[in-house]
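What follows is the residue order along each chain.
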Amino acid sequence: MNHIINYTLAGAVALVLSSAYLLDGPSDHQAAIDSAAAAKDAQRAAAAQARFERAAQQACGENAGWQLRDDGAVQCFTKRGHKTIVARVTP
């Protein structure tokens, strides 16, 4: 009877230890995939920001300045800093 209990406990410990690798967190491969996805998202965000800035500059003029307003519109300025037009920009 004592041997059966010992073998059962040994088998349970072996089962737990053999399945412990399943309890780990994300693998290095998954971390690399997540990192690449984050880099791609950052590139897309930077490209969208650059398109928006080009569109705002084009709407205001080559030598004009611009500032993004709280409502999403662009306030254009002359090169001397005087306000001119308010433009809606879609990149």
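Above this text is the structure in question.
Conventions used here
- Residues numbered from 1 in each chain as written.
- Predicted model: local features only at pLDDT ≥ 70, side-chain atom pairs only at ≥ 80, totals over all residues.
- Heavy atoms only, no water.
- Helix = DSSP H or I, 4+ residues; strand = E, 2+ residues; numbered from the N terminus.
- Rg over C-alpha atoms; globule rule 2.2 N^0.38 Å.
- Contact = heavy atoms within 4.5 Å.
- Areas by Shrake-Rupley, 256 points an atom, 1.4 Å probe, with all protein chains shown as cover.
- Lys, Arg positive; Asp, Glu negative; His and termini not counted.
- Charge placed at Lys NZ, Arg CZ, Asp CG, Glu CD.
- Expected span 1.5 Å × (residues − 1).
- Buried < 20%, exposed > 50% of the residue type's maximum accessible area, 1.4 Å probe, protein only.
- Salt bridge = Lys/Arg side-chain N within 4 Å of Asp/Glu carboxyl O.
- Pairing = 2+ DSSP bridges.
- Axes fitted to C-alpha atoms, helices over the stretch in contact; angles between N-to-C directions.

A.B. asks: I would appreciate a short explanation of the overall build of the chain in the present structure.
C.D. replies: A count of helices and strands for the chain gives two helices and three strands. Secondary structure of the chain in N-to-C order comes out as α-α-β-β-β. The C-alpha atoms of the chain give 30 Å as radius of gyration, which overshoots the globular expectation for 91 residues (12 Å, by more than 25%). Considered along the principal axes of its C-alpha atoms, the chain spans approximately 95 × 20 × 20 Å. Sequence separation of 24 or more characterises 18% of the internal contacts of the chain that already satisfy a separation of 6 or more. Here the chain displays about 7,500 Å² of accessible surface, and carbon together with sulfur accounts for 58% of that area. A distance of 17 Å separates the average location of the 9 positive side-chain charges in the chain from that of its 8 negative side-chain charges.

A.B. asks: I keep staring at helix H2 (residues 28-60) and nothing clicks. Help me out?
C.D. replies: Owing to its 3.6 residues per turn, the α-helix brings residues three or four apart onto one side. Compared with an ideal rise of 1.5 Å per residue, which puts 33 residues at 48 Å, H2 spans 48 Å between its outermost C-alpha atoms and is within 8% of the ideal. For H2, every residue scored as buried is listed here: Phe52, Ala55, Ala56 and Cys60. On the buried face of H2, the contacting elements are strand E1 (65-68) and strand E2 (74-77). Downstream of H2 by one or two residues, Gly61 has phi in the positive range, about 120°.

A.B. asks: Is there a simple way to explain the pattern of salt bridges in this structure?
C.D. replies: Two side chains bearing opposite charge may form a pair once their charged atoms approach each other closely. Tallied over the full model, the rule gives three salt bridges. The shortest N-O distance in the salt bridge between Arg44 and Asp41 comes to 3.8 Å. Here Arg44 pairs with Asp41, and both are found in helix H2, just three residues apart, close to one helical turn. Relative accessible area serves as the criterion here: at 54%, Arg44 is assigned to the exposed category. For Asp41, a relative accessible area of 44% puts it in the partly exposed group. Arg69 is paired through a salt bridge with Asp71; the nearest N and O atoms lie 3.0 Å apart. Given a relative accessible area of 41%, Asp71 falls into the partly exposed group. What emerges from the salt-bridge pattern is a single network uniting Arg69, Asp71 and Arg88.

A.B. asks: Any chance you could explain the sheet that holds strand E3 (residues 83-87) here in plain terms?
C.D. replies: Paired through backbone hydrogen bonds, the strands of a sheet run either parallel or antiparallel to each other. Strand order in this open sheet of three strands is E1-E2-E3, and the pairing throughout is antiparallel. Whereas interior strands pair on both sides, the edge strands pair on one side only; in this sheet they are E1 and E3. Put simply, the sheet's adjacent strands are angled 25° from each other on average, direction ignored. In terms of strand pairing, E1 meets E2 through four bridges, oriented antiparallel. Counterpart to Gly65 in the pairing with E2 is Phe77.

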